[in-house]
Structure formats: C-alpha cells, structure tokens
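Spelled out from the first residue to the last, the chains are:
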Amino acid sequence: MPPQPRGYPSVNRAVLRVQDPELEGPLAFLGGVYSNHLALRAAASDARRRGARSIFCLGDLGGFGPNPGKIFPILDEFQIRTIAGNYDEALARREPDCGCGYTHPSDNHFAQLSYEYTSRRTTDAERERLSSLPHGLRFTRGGRRYLLCHGSPRQTNEFLWESASSDTFLMRLLREAEAETVLCAHTGIHWQRRLPDGGLLVNAGSVGRAGQ
C-alpha cells in the first residue's frame, strides 16, 4: 500500500506575522530546496545580486539531494526566512513517510527512498530546528496582505496545479485565507495567475530539482 497523505494543519492556525522594515525593499521567494545546497547557494546569491533585501523559502528543505545537512548553514548565511513544508514536518515528527500526498505508486516509491535516505542523515538538532518552523508567514506590503504557505492556505500538502485551479476556486481560496497575494510551492512547477478580483496566486516552483 502506498503511504497515505496526512492532512497537516491549516497555515491559518500556525502562522508567523512578519513586521520588518526590510519588507519595503525587493523580496525573493524560493520553492523546494530538496537538499540541493549548490542550487540553494546559487539562487540565494543571485537574489542578493538582484537587490533582494529579504529572501523567503517556502519549505521542503530535505529530500533527493545527498547532503541535507549542508542546507542549514546557507539558510543562516543568507538569513533566509523559512516555513515548513510537508517534508520538514515529517522529519521533525519522525513520521514513516514524507506525507507528500502523491497518488501514483511510482511517485510514492521514489519519494519513500528519498525520505528514508534523508531521515537517516538528519540529526536530532536539525529535527528540532525543523519543528520550530512556522506553517506560514503573513505580512502586509503597500496595503496588500500576503500569505506564504507550502501547499495551499488550507493544507501543507495540497497540490495547487495551474490546469486544475479555476479562477473561482482561487478567488475563494484567497478570500478564505484573508490575503490578496498567496505564494506557495509543493508542486515544484512555477506558475502564477492574476485573478479577476485583483488577487494573485504565485507558485514559486522548485530550486532543488531539475525540470521543476
């Protein structure tokens, strides 16, 4: 039997509200890192070169790459604000699988191999750090309310696919989340949509996996 997806808490129940003068400057948002420290450093360095004063990571630090422990020093070096993805939640709780929410057997098979590899190489101190990550971040910028989440405002491991998300659905999602702009990841595929009511949904894609 493939691992069954777990319904992690809504970000509305565990969010960190950010109040920082630096939020007035250029911002950068990164999708899943997946233990790819080389890609993380390259993306963060590029963001700084482009003038980003604050960098945000939308979760899923571990998985797939060979050196999960090399991610944390880079997060510290670039002062990257990070929220929890399903991978981070699972590692912090020592769950038996990543809780990714996949339905295809092959996806679950390879995800399990990756998760077990990462879990064996994640220290107790790193798990403690992952457990402290918020489920989401909120801030206001130019009078506009922003919400950062991993999967969706409703659930950490919910996939928001561009082809399966109607304008009506997304407008309701943003309205219920009390945000005009929502930034997410999880699918690993970058897309964004400006909605008829002025709302904006942005999927930041993935930093650490090729082709995403």
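Residues numbered from 1 in each chain as written. Predicted model: local features only at pLDDT ≥ 70, side-chain atom pairs only at ≥ 80, totals over all residues. Heavy atoms only, no water.

Novice: How do you make sense of the sheet that holds strand β7 (residues 181-184) when you look at a structure like this?
Specialist: The strands that make up a sheet pair up through hydrogen bonds in the backbone, lying either parallel or antiparallel. The strand order across the open sheet built from six strands is β1-β5-β6-β7-β9-β8, with neighbouring strands paired in mixed fashion. Unpaired on one side and paired on the other, β1 (15-17) and β8 (191-194) mark the two borders of the sheet. Sheet twist, expressed as the mean angle between neighbouring strand axes with direction ignored, is 15 degrees. Of the strand pairs in this sheet, β8 and strand β9 (residues 200-203) are connected by four bridges, and their pairing is antiparallel. Across the sheet, residue Trp 191 finds its bridge partner in β9, namely Asn 203. (Pairing = 2+ DSSP bridges. Helix = DSSP H or I, 4+ residues; strand = E, 2+ residues; numbered from the N terminus. Axes fitted to C-alpha atoms, helices over the stretch in contact; angles between N-to-C directions.)

Novice: In this structure, what is going on with the side chain of Arg 193? I would like to understand it.
Specialist: Position of Arg 193 among the secondary structure elements: in strand β8. On the basis of relative accessible area, Arg 193 is assigned to the buried category, the value being 18%. In terms of polar contacts, Arg 193 uses its side chain to reach the backbone carbonyl oxygen of Ser 165, at 2.5 Å. Apart from the residues lying within four places of it in its own chain, the contact partners of Arg 193 are Glu 162, Ser 165, Ser 166, Asp 167, Leu 170, Gly 199, Leu 200 and Leu 201. (Buried < 20%, exposed > 50% of the residue type's maximum accessible area, 1.4 Å probe, protein only. Polar contact = N/O pair within 3.5 Å; in protein donor to acceptor, adjacent residues only side chain to side chain. Contact = heavy atoms within 4.5 Å.)

Novice: How do you make sense of the sheet that holds strand β2 (residues 27-30) when you look at a structure like this?
Specialist: One open sheet accounts for three strands, arranged β2-β3-β4; its pairing is parallel. Among the strands making up the open sheet, the edge pair consists of β2 and β4 (81-82). Here β2 runs beside strand β3 (residues 54-57); their pairing, made up of four bridges, is parallel. Within β3, the residue paired with Leu 30 across the bridge is Cys 57. Running over the sheet, helix α1 (residues 37-49) touches β2 and β3 and is turned about 150 degrees from β3.

Novice: Could you clarify how one ought to interpret the state of the cysteines in this entry?
Specialist: Note on terminology: disulfide describes a covalent bond linking the sulfur atoms of two cysteines. Applying the stated criterion across every chain yields a total of one disulfide. Between Cys 98 and Cys 100 runs a disulfide, and the two sulfur atoms are separated by 2.1 Å. Between Cys 98 and Cys 100, the S-S torsion sits near -135 degrees, and that sign places the bridge as left-handed. Considered together, Cys 98 and Cys 100 belong to a single accessibility category, that of buried residues. Of all cysteine sulfurs in the structure, the one in Cys 149 sits closest to Cys 57, which takes part in no disulfide; the separation is 13 Å. In this structure Cys 57 comes out as buried when scored by relative accessible area, which is 1%. (Disulfide = S-S within 2.5 Å.)

Novice: Looking at this model, I keep getting lost on the packing of aromatic side chains. Mind explaining?
Specialist: The geometry of an aromatic ring pair is captured by two quantities: the separation of the ring centres and the angle between the planes. This structure, assessed with the given rule, holds seven aromatic pairs. Here Phe 29 and Phe 56 contribute two aromatic rings whose centre-to-centre distance is 5.4 Å and whose plane-to-plane angle is 15 degrees, an arrangement assigned as stacked. With Phe 29 in strand β2 and Phe 56 in strand β3, the pair connects residues that are 27 residues apart, well separated along the chain. The class for Phe 56 is buried, based on a relative accessible area of 0%. With a centroid separation of 4.9 Å and an interplanar angle of 15 degrees, the aromatic rings of Phe 139 and Tyr 146 are classed as stacked. Overall, Phe 139 belongs to the buried group, its relative accessible area being 3%. Judged by relative accessible area, Tyr 146 falls into the buried class, the value being 16%. (Phe/Tyr/Trp six-rings, centres within 6.5 Å; stacked < 30°, edge-to-face > 60°.)

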